[in-house]
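Observations on the model geometry
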Amino acid sequence: MDRTACETMVETWVAAFGTALNRPDIDRVLDLFEPEGFWRDLSALTWNVYTAEGHDAIRAMLSACLAEIAPTAWKIDQVLGSSDGIHQALLSFKTRAACCSAVLRLRGGRCWTLLTAVTELIGFEETTRQRRTNGAPLRYEPGRPDWRTERDRQKAELGVTQQPYCVIVGAGQAGLGLGARLKQLGVPTLIIDKRERPSDTWRERYATLSLHSPVWYDHMPYLPFPETWPRFASKDRVADWLDAYATIMDLDIWTGADCVGSRYDEALGAWRLSIVRGGRPIELRPAQLVLATGFWDAPYVPDIPGRDRFAGRQLHVAEARELGQCGGLRSIVIGAGTSAHDIAAQLWEAGANVTMIQRSPTIVTRIDTLLPAVEIYDTDAAAPKPPTELADLLAASIPNRLMPQFQAPFIAAIKAKDAAFYEGLRKADFLYDFGEDGGGFFTRGMQDPSGFYIDMGASELIIDGRIAVQSGVSVDTIRERSVVLSDGAELPADFIVYATGYRRLAQAGAILSSEIIDKLGPIGGIGSGVRSDHGPWAGETRNVWKPTRQPGLWFHNGNFGLMRFFSRILALQIKARQTGLPTPVYGLA
């Protein structure tokens, strides 16, 4: 279909859709969708992160939301073209409270997928670009304080004589990015972290760690990485960036501040957070509490019989910062995910004899083969790419249910292109697969962010035999100078590294009461029914970036790209509550 025909089809659909919503005529709206069509909404209609799948779900959503939200003024911003009979367009519209964006996919003249996302609140826009503050004085007055003096006063008062409206626990990239969004929305926000620097979550990790996603995908809100940066930045460069980001974005942060407990005061409509800072107890009373500490946040070491009598060195990968010289050490790495590969390669570089213990298959993808999957972000490419905000919107427009389907051609191409690579892994007795749903790395990340490796070179060491693999087994017993596997094999050992993952929500459990945690239900995962992501199907990441069953409690988590995009969705939900806008939530988990 030529572009003119595509434009005509999109124009016809959008006109009919807008008319049906304005009447409102829900039956007519449904006629414009495929029977199994998808409407993914990011706080535009539902004040939630919610996907309606099929006519019945879309009808229920519209019946509950349409009158209150009143979406109108639908406009085609850009027709994105056609591929394989699917016509895409970027739309915009307004509700009573917000300006919103949409991504439409038509198939056979009817809607297959529709994404609607809040972009900004009317009357409460970010102080960016044409709305940025003046900075220089508009007029001179006797006694007017300079910027530094006034800013120091504000910092000294927040959390002491002035309560923050929002407290974010965790000053890593998630907390800093959300804090920057809220600052531009004028929401008094305090970020707290028990570490001494925002960067310490990265500095404390093993020396060879680097980002496994390209720098042009990993930009943080408002401040992209320099074009001079390496494609895959080392963990210490990322750490330096986080410290600089906190300063440049002028965020309010308490470091060395440990949140040791909380209570939600129903009468006050606010939290009572117990903070210990510098050995001194402090109570903060924010209306909104965001946990940005990550889901997998406490090292997990399995209780293997005999571990206490091992005569060599043993540690969890979280403690493996500087390994020193390991010449000739018989080293056992238990695990086969990302950190296991990284630490095994670091041990090999340090002169160790390394064996990886792999219990179950790992999703492995070569980094150069993976990059085309995120090429829409690739500002290094010769062809022009859309702005990062548009790339994020297009990526978010794929419903989670359809992700394996969208990934299938890409996975097929990977298998064909890298057949020799996978054959090499097979010959080395390394177990690999592409996930239970066949969607590979991208769908695994939504379900359970473990059991995968984006190859940065360790796979070559495995294929060449420089890192040995014992697969399909686990460690049954540890002896004084060896490990015994579940198949009865015994391996001599001087050094054991547990790349066995992390316990879920340990910090959340230390902050929130058991009653609140029980009220929330599952946190993370989409209910896919595979691995650790137990059903029922939720369609969206459970309890993340959206309202929870506990008023005033939010979770913010994900990789750099997801946190960048969803930090805006979450910040706008918090801002709406600060301003007193009606926020009727549909589809609360």
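Heads up: these notes are all about the structure in this document.

Parameters at a glance
- Residues numbered from 1 in each chain as written.
- Predicted model: local features only at pLDDT ≥ 70, side-chain atom pairs only at ≥ 80, totals over all residues.
- Heavy atoms only, no water.
- Core = buried A, V, L, I, M, F, W, Y, C linked by side-chain atoms within 4.5 Å.
- Buried < 20%, exposed > 50% of the residue type's maximum accessible area, 1.4 Å probe, protein only.
- Helix = DSSP H or I, 4+ residues; strand = E, 2+ residues; numbered from the N terminus.
- Contact = heavy atoms within 4.5 Å.
- Phe/Tyr/Trp six-rings, centres within 6.5 Å; stacked < 30°, edge-to-face > 60°.
- Expected span 1.5 Å × (residues − 1).
- Pairing = 2+ DSSP bridges.
- Axes fitted to C-alpha atoms, helices over the stretch in contact; angles between N-to-C directions.
- Polar contact = N/O pair within 3.5 Å; in protein donor to acceptor, adjacent residues only side chain to side chain.
- Salt bridge = Lys/Arg side-chain N within 4 Å of Asp/Glu carboxyl O.
- Parallel < 35°, antiparallel > 145°, perpendicular 65-115°, else oblique.
- Nonpolar A, V, L, I, M, F, W, Y, C, P; charged D, E, K, R; others polar.

Let's shift gears to the nonpolar core. Core analysis: the largest hydrophobic core is formed by 171 residues, its most contacted members being Phe17, Trp39, Leu62, Leu512 and Phe555. The greatest single-element share of this core, amounting to ten residues, is contributed by helix α17 (residues 560-579). In contact with Leu62, not counting residues within four places along its chain, are Leu21, Ile26, Val29, Trp39 and Leu45. Counting residues in each nonpolar core, the second largest holds 14 residues, with Phe310, Ile332, Ile334 and Ile478 among its members.

Now for the packing of aromatic side chains. Tallying each qualifying case throughout the model produces 21 aromatic pairs. Judged by centre distance (5.7 Å) and plane angle (55°), the rings of Phe17 and Trp39 are tilted. With Phe17 in helix α1 (residues 3-22) and Trp39 in strand β1 (residues 33-42), this residue pair connects regions lying 22 residues apart in the sequence. Plain terms: the ring middles of Tyr50 and Tyr586 are 5.2 Å apart, the flat faces sit at 85° to each other, and that makes the pair edge-to-face. Linking Tyr50 in strand β2 (residues 49-53) with Tyr586 in the segment after α17, this pair joins segments that are 536 residues apart in sequence. As far as burial versus exposure is concerned, Tyr50 and Tyr586 are alike and both buried.

Attention now moves to helix α7 (residues 235-248). Residue pairs spaced three or four apart in an α-helix point in one direction, given the helix's 3.6 residues per turn. In this model, α7 (14 residues) spans 20 Å end to end at C-alpha, consistent with the 20 Å of a helix rising 1.5 Å per residue. Among the residues of α7, those classed as buried are Lys235, Val238, Ala239, Trp241, Leu242, Asp243, Tyr245 and Ala246. Here the buried face of α7 lies against α5 (173-184), α6 (200-203), β9 (253-255) and α17.

Take the pairing of strand β7 (residues 166-169) next. The two faces of β7 match: Cys166 and Ile168 on one face and Val167 and Val169 on the other face are all buried. The pairing of β7 with strand β8 (residues 189-193) spans four bridges and is parallel. Bridging from a neighbouring strand, Ile168 pairs with Ile191 of β8. By the bridge criterion, four bridges tie β7 to strand β13 (residues 288-291) in an arrangement that is parallel. By the bridge assignment for β13, Ile168 is matched with Val290.

Taken in spatial order, the five strands of this open sheet run β9-β8-β7-β13-β27, and their pairing is parallel. The sheet is open, and its two edges are formed by β9 and β27 (553-555), each paired on a single side. Along the sheet, successive strands turn relative to each other by an average axial angle of 20°, direction set aside.

The residue Thr46 is located in the loop between β1 and β2 in this model. Placed 15 residues apart in sequence, Thr46 and Met61 show a C-alpha to C-alpha distance of 7.8 Å. Apart from residues no more than four positions distant in its own chain, Thr46 is found in contact with Asp41, Met61, Cys65, Pro584, Val585 and Tyr586. Polar contacts involving the side chain of Thr46 include one to the side chain of Asp41, which spans 2.6 Å.

Moving on: the sheet that holds strand β21 (residues 467-471). Taken in spatial order, the five strands line up as β15-β25-β16-β17-β21 in an open sheet, and their pairing is parallel. One side of each edge strand has no neighbouring strand; the edge strands of this open sheet are β15 (313-316) and β21. With strand direction ignored, the average angle separating the axes of adjacent strands in the sheet is 20°. Against the sheet, helix α8 (residues 338-349) touches β16 (330-334), β17 (353-358), β21 and β25 (495-498), its axis set at about 165° to β17.

Turning to the pattern of salt bridges, a few remarks are in order. Tallied over the entire structure, the rule returns 32 salt bridges. Arg151 is paired through a salt bridge with Asp250; the nearest N and O atoms lie 2.6 Å apart. Of this pair, Arg151 sits in helix α4 (residues 147-157) while Asp250 is found in the loop between α7 and β9, placing the two residues 99 residues apart along the sequence. Ionic pairing is found between Asp236 and Lys235, a salt bridge with its closest N-O pair at 3.6 Å. Shared partners join several salt bridges into a network, and the residues in it are Arg151, Lys183, Asp250 and Asp252.

On to the packing of helix α10 (residues 388-396) against α17. Two elements in contact, α10 and α17, have axes separated by 10 Å at closest approach and are oriented at 95°. Classified by the angle their axes make, α10 and α17 are roughly perpendicular. Along its contact with α10, which presents Thr388, Glu389, Asp392, Leu393 and Ala396, the element α17 presents Gly561, Arg564, Phe565 and Arg568. Looking at side-chain class alone, the contact of α10 with α17 contains three nonpolar, two polar and four charged residues.

Another point: α5. Given a rise of 1.5 Å per residue, twelve residues ought to cover 16 Å, and the 17 Å separating the end C-alpha atoms of α5 matches this to within 8%. Of all twelve residues that make up α5, eleven are buried, and the element is covered over most of its length. Where α5 is concerned, the buried positions are Gln173, Ala174, Gly175, Leu176, Gly177, Leu178, Gly179, Ala180, Arg181, Leu182 and Gln184. Count one or two residues on from α5 and you reach Gly186, which has phi positive near 75°.

A cis amide bond, omega -15°, links Arg23 with the succeeding residue Pro24. Examined against the element boundaries, Pro24 turns out to sit in the loop between α1 and α2 (26-31). A cis amide bond links Gly535 to the next residue, Pro536, at an omega of 5°. For Pro536, the location among the structural elements is in the loop between α16 (514-520) and β27. Phi is positive for Tyr222, which is not a glycine, with a value near 75°. Among the structural elements, Tyr222 can be located in the loop between α6 and α7. Residue Trp545 is not a glycine yet carries a positive backbone phi of 65°.

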